[in-house]
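Per-entry structural report
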Amino acid sequence: MMPRQPERKPKPAPRSAQPGRSIGKTIEEIVRVDHAGEYGAVRIYSGQLAIFKYLPGKQETVESLTRMAKEEEVHLARFNDLINERGVRPTAFAPIWHVAGFALGAATALLGEKAAHACTEAVETVIDEHYKSQIAKLEAMNADEKDLIDTIERFRLEEVQHRDEAIEKGAKEAPAYPLLSGLIGAGCRLAIALSEKV
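Residues numbered from 1 in each chain as written. Predicted model: local features only at pLDDT ≥ 70, side-chain atom pairs only at ≥ 80, totals over all residues. Heavy atoms only, no water.

1. A closer look at the state of the cysteines
We count it as follows: Counting rule for disulfides: a pair of cysteine sulfur atoms within 2.5 Å.
For the structure on display, the rule yields 0 disulfides. Residue C119 stays outside any disulfide, its sulfur separated by 7.3 Å from that of C188, the closest cysteine.

Written out as structure tokens, the structure is:
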């Protein structure tokens, strides 16, 4: 008679540096919220371009926004792939971000070029902080996620370029800049908090 083998228990999911949270859950939230953020960015640029492309003398602005929009579309395409590869449910708020992103872009464009640049500067400042925080979290968890970290860092650097370009083009000279920037930044942080979880 063969000796009885001890029962093997399934391996628990790896734990993150945050007590009570698995690495898998954290990564799922990262992929979900970054997908939502890139989607929102594409919609903001769509709203801005919908206004500027019909205004005379705005060719330079249209070219600049079109280039940045194309970079955001590359980011979104990569996060679309990650959503599918990892089986992550997209945020339930996507239909809201679809409308809200376009509306924010169009509204700031209607306020003028500097207000549109202020929108870019405010959004990209929040995204820079957000992406830095995600990278630090992944590194602290010792997750085997080099490709994801590299992707986030590459996209972060492109977002910083968008922010710096917006500042060079007069973002901080927009009418009521502190109020406008503060409201947009607060809205972005709220959208991040909601999209991570829901």
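2. Quick look at the layout of surface pockets
The condition that has to hold: Site definitions follow a grid-based scheme: protein atoms alone, a 1 Å grid, a 1.4 Å probe that fits but cannot get out for cavities, and for pockets an open set with protein on both sides within 12 Å along at least five of seven lines, plus lining residues having an atom within 4 Å of a point. Grid points are joined across faces, edges and corners, and a volume is the space filled by probe spheres set on the points. Helix and strand labels come from DSSP, where a helix needs a run of H or I of at least four residues and a strand needs a run of E of at least two; each type is numbered from the N terminus.
Space inside the largest pocket adds up to approximately 500 Å³. Forming the walls of the largest pocket are 28 residues, and the residues nearest its centre are G40, I44, G187, C188 and A191. A per-element tally of the lining of the largest pocket places helix α6 (residues 177-197) first, with 9 residues.

3. Describing empty space enclosed by the protein
What counts is decided by this rule: Throughout this entry, Asp, Glu, Lys and Arg are counted as charged residues, while Ala, Val, Leu, Ile, Met, Phe, Trp, Tyr, Cys and Pro are counted as nonpolar. The remaining residues, Gly among them, count as polar.
Applying the stated criterion across every chain, the model contains 2 cavities of 30 Å³ or more. Forming the walls of the largest cavity are A41, I44, Y45, E72, C119, T120, V123 and E124. Of all the secondary structure elements, the ones that give two or more residues to the lining of the largest cavity are α1 (23-52) and α4 (113-140). Tallying contributions element by element places α4 first for the lining of the largest cavity, with 4 residues. Tallied by class, the residues present in the lining of the largest cavity amount to 5 nonpolar, 1 polar and 2 charged.

4. Some details on the confidence of the model for the protein
Applicable threshold: Values of pLDDT, which run from 0 to 100, indicate the predictor's confidence residue by residue. Contacts between residues were defined by any pair of non-hydrogen atoms, one from each residue, lying within 4.5 Å.
Mean pLDDT over the protein works out to 89, with 89% of the residues at or above the 70 mark. pLDDT under 50 marks residues 8-20. Its contacts with residues more than four places away, or in other chains, come to 16 contacts.

5. Remarks on helix α5 (residues 146-168)
To keep things clear, this is the line we draw: Under the convention used throughout, the expected extent of a helix is 1.5 Å for every residue step, that is, one less than its residue count. Relative accessibility under 20% of the residue-type maximum defines a buried residue, over 50% an exposed one, and the middle range a partly exposed one, all with a 1.4 Å probe and only protein chains included.
Counted at 1.5 Å a residue, the expected span for α5 with its 23 residues is 33 Å, and the 33 Å between its end C-alpha atoms agrees. Considered for burial, the residues of α5 that qualify are L148, I149, T151, I152, F155, R156, E159, V160, H162, R163, E165 and A166. Positioned one or two residues after α5, G170 has a phi angle of 100°, which is positive.

6. Some points on the pattern of salt bridges
Note the threshold: Note on definitions: salt bridges are taken to be side-chain nitrogens of Lys or Arg within 4 Å of carboxyl oxygens of Asp or Glu.
Scanning all chains against the criterion turns up 15 salt bridges. In this structure, R67 engages E165 in a salt bridge whose closest nitrogen and oxygen atoms are separated by 2.7 Å. One end of the pair, R67, is in helix α2 (residues 59-86); the other, E165, is in helix α5, with 98 residues separating them in the sequence. Of the residues examined, R67 reaches a relative accessible area of 38% and is grouped as partly exposed. For E165, a relative accessible area of 15% puts it in the buried group. E165 is the partner of K169 in a salt bridge, and the nearest nitrogen-oxygen pair spans 3.2 Å. Within this structure, D128, K132, E153, R156, R163 and D164 form a network of salt bridges that share partners.

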